[in-house]
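Architecture and fold: a report
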Amino acid sequence: MRGGVRAVGTAARPLARATRRISAARGLTIIGWHRVDGQSDGLSTGVDDFQRHLDTLDEWGATVLPLDAAVAALEAGTLPDRAVALTFDDGYASVVETAWPILRERGLPTTLFVVSDSLTTDLRFAWDRHEPEHDRLRLARPEELVAAAASGLDLGSHTVSHPWLPRLTPDELKRELVDSRVALEELLGRPVTSLAYPTGGWSPAVRAAAADAGYDIAITVDRGLNTRRTPHLSLRRAFVPTEPEDLRLLLDGAYTMLRPLDSWRRRGGPAW
Ligand SMILES: [Zn+2]
């Protein structure tokens, strides 16, 4: 997967030069990671690479906003130039243990999307089962999430069990969306209004169900800049490529031109 990301970045480089600093100032860029630990590999981002990503954001002149405030500003037309929102999917413990302290130190607001089954079971994701037992695969415990939330980490839902939502029946879909929101609200004692679709799997029906389930914001893995016309329940986002120069391409808007690749992914391509 990582090789693919790098290859895409290389292909986009000439295109990026043509649009540099044009599109980036006019919308909201949402980026994401999964876990931050020893070294960059698969879903993991090494701590050094993560720091380089944050340095790149700083050098690029990003204004990092809380996700809900960013979307509200997008709606109101008051978004600052180079606005960026930061997200993490899946709820790995390394986010609260390692990434969040770094982000806090830098004053960068962040949203972590949590699978609510992890609150009550010793969940291990299917894609992690082939890996040897390792602490980096551990998901954050409820008390860790509560403590992180108390120190400012924003939490959103990543459904109950991380299914591919477009394949579910309406009842199953409702359960995944509503039960996860309610479980997180009970844990945190406050409303939870944001959602990240597992593996970015969404459809118009899924998006309508997310609205019915009480979400104001939902994040896909369709890449590209969010503008005032982007529906708030199918916001675009890209996961951060390891190399800072590829992150810079992403920030410059190059990935917006690669959106046709994302329609393939949305039909059920592999991801997480
Ligand atoms: Zn996920």
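Located above this text is the structure these notes cover.
Here is a short report on the structure shown in this document.

Time to look at unusual backbone geometry. Of note, the phi angle at His162 is positive, near 65°, even though the residue is not glycine. The topology assignment puts His162 in the loop between strand S7 (154–157) and helix H6 (170–188). When its relative accessible area of 10% is taken as the criterion, His162 is described as buried. Even without glycine at this site, Thr199 takes up a positive phi of about 60°. Relative to the helices and strands, Thr199 is located in the loop between strand S8 (194–196) and helix H7 (204–212).

Let us now look at the environment of Asn226. Residue placement: Asn226 occurs in the loop between strand S9 (217–219) and strand S10 (238–239). Distance in space between the C-alpha atoms of Asn226 and Leu28 is 5.0 Å, their sequence separation being 198 residues. Leave out the neighbours within four places in its chain, and Asn226 touches Gly27, Leu28, Ile30, Leu74, Leu235 and Arg236.

Another aspect to go through is the nonpolar core. Counting residues in hydrophobic clusters, the biggest one holds 44 residues, and the most contacted among them are Ile31, Phe50, Val84, Leu86, Phe88, Leu103 and Leu112. Of all the secondary-structure elements, those providing two or more residues to this core are strand S1 (28–33), helix H2 (47–60), strand S5 (83–90), helix H4 (93–106), strand S6 (111–114), helix H5 (142–150), H6 and helix H8 (244–251). By residue number, the principal contributor to this core is H4, which donates six residues. Each residue touching Leu86, except ones within four places of it in the same chain, is listed here: Ile31, Trp33, Leu57, Val64, Leu103, Leu108, Pro109, Thr110 and Thr111.

Scanning the entire structure with this criterion turns up five aromatic pairs. Arranged with centres 5.2 Å apart and planes meeting at 25°, the rings of Trp33 and Phe88 form a pair that is stacked. Taken as a pair, Trp33 in strand S1 and Phe88 in strand S5 lie far apart in primary sequence, 55 residues in all. These aromatic residues form a ring-pair network of at least three members: Trp33, Phe50 and Phe88. Note that Arg35 overlies the ring of Tyr92, its terminal NZ or CZ placed 4.8 Å from the centroid. Taking NZ or CZ as reference, Arg82 lies 4.5 Å from the ring centre of Trp60, over its face.

What counts, and at which threshold
- Residues numbered from 1 in each chain as written.
- Predicted model: local features only at pLDDT ≥ 70, side-chain atom pairs only at ≥ 80, totals over all residues.
- Heavy atoms only, no water.
- Helix = DSSP H or I, 4+ residues; strand = E, 2+ residues; numbered from the N terminus.
- Buried < 20%, exposed > 50% of the residue type's maximum accessible area, 1.4 Å probe, protein only.
- Contact = heavy atoms within 4.5 Å.
- Core = buried A, V, L, I, M, F, W, Y, C linked by side-chain atoms within 4.5 Å.
- Phe/Tyr/Trp six-rings, centres within 6.5 Å; stacked < 30°, edge-to-face > 60°.
- Lys NZ or Arg CZ within 6 Å of the ring centre and 35° of its normal.

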